[in-house]
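# Topology and contacts: notes
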Amino acid sequence: MSAVVVTGATGGIGAALVRLFADRGDAVFAAARPSAALDDLCAGTTAVAAPLDLQRPAELPATLRDLDRVDALVHAAGISEVASVADTSHELWQQTMTANVTGPAELTRALLPALRAAGGRVVFVNAVAGLHAVPKWSAYVASKAALTELADTLRLEEGPHGVRVTSIYPGGVATELLRKVRGALGRPYDPAACVSPDSLAAVVVSVLDAPADVDITEVALQPPPPR
């Protein structure tokens, strides 16, 4: 049985990951801000709630502080506000970078001893491969570029300690967050034309289950083209 920590556990992607890991019999720690949604998720699975606000990542709950081994840390948390540079306040920049980059970095740092003990893997759920400048989405795009650099640096530093690092670059995933973002950007949202959260979760599990002599550093996935 593997010990798995999932952040953003109450989001569309995070919840799918928690359910899949729990169904496999893994010891799942569902990290998300305290809420009824987190309580309900854990009540419906074997997952253990790990109340955590990534805006204050140093305040780890005891359920995470006490772990002596972590086989997988999956970062699925993130915020994605739509605003131009002119309309993005300093506070929003700070919130976005903390939730999407520095929060995951701090949580990873705190769990590194347990990850090293297990020869574990860190998985970062990033954005669509090749994402570049997007008008009215600057804070999000900047944070995801930084997340790539964080993952690549962590891989070089921790590889000698047995920790492997993978970045997942999904195209549109059918979540409530994507619906809101595309609406704010004036773009259509069709869940049938997106990757489902369950499918993305299955890809993450396949990465974690890869043979020991395979190091999967990046995975890019898109929904198939319409027929």
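Another aspect to go through is the packing of helix H4 (residues 90–118) against helix H5 (residues 138–158). Put simply, H4 and H5 touch, their axes get as near as 8 Å, and they point 20 degrees apart. Considered as vectors, H4 and H5 are oriented roughly parallel to each other. Between H4 and H5 lies a crossing of right-handed hand. Residues Trp93, Thr96, Met97, Asn100, Val101, Ala105, Thr108, Leu112 and Arg116 of H4 lie in contact with H5, whose contacting residues are Ser138, Ala139, Tyr140, Ala142, Ser143, Ala146, Leu147, Leu150, Leu154 and Glu158. Split into classes, the residues belonging to the contact of H4 with H5 amount to 12 nonpolar, five polar and two charged.

Considering soluble globular proteins, one finds that nonpolar side chains tend to be buried as a cluster. The biggest cluster of nonpolar side chains holds 32 residues, and the ones touching the most others in it are Leu17, Phe21 and Val74. Take this core: its biggest share by element is seven residues, from helix H1 (residues 12–24). With near-sequence residues (within four places) excluded, Phe21 lies in contact with Val4, Val6, Asp26, Val28, Val74, Val204, Val205 and Leu208. Counting residues in each nonpolar core, the second largest holds 25 residues, with Leu67, Ala114, Phe124 and Leu147 among its members.

Thresholds applied
- Residues numbered from 1 in each chain as written.
- Predicted model: local features only at pLDDT ≥ 70, side-chain atom pairs only at ≥ 80, totals over all residues.
- Heavy atoms only, no water.
- Axes fitted to C-alpha atoms, helices over the stretch in contact; angles between N-to-C directions.
- Helix = DSSP H or I, 4+ residues; strand = E, 2+ residues; numbered from the N terminus.
- Parallel < 35°, antiparallel > 145°, perpendicular 65-115°, else oblique.
- Left-handed = near helix turned anticlockwise from the far one by under 90°.
- Contact = heavy atoms within 4.5 Å.
- Nonpolar A, V, L, I, M, F, W, Y, C, P; charged D, E, K, R; others polar.
- Core = buried A, V, L, I, M, F, W, Y, C linked by side-chain atoms within 4.5 Å.
- Buried < 20%, exposed > 50% of the residue type's maximum accessible area, 1.4 Å probe, protein only.

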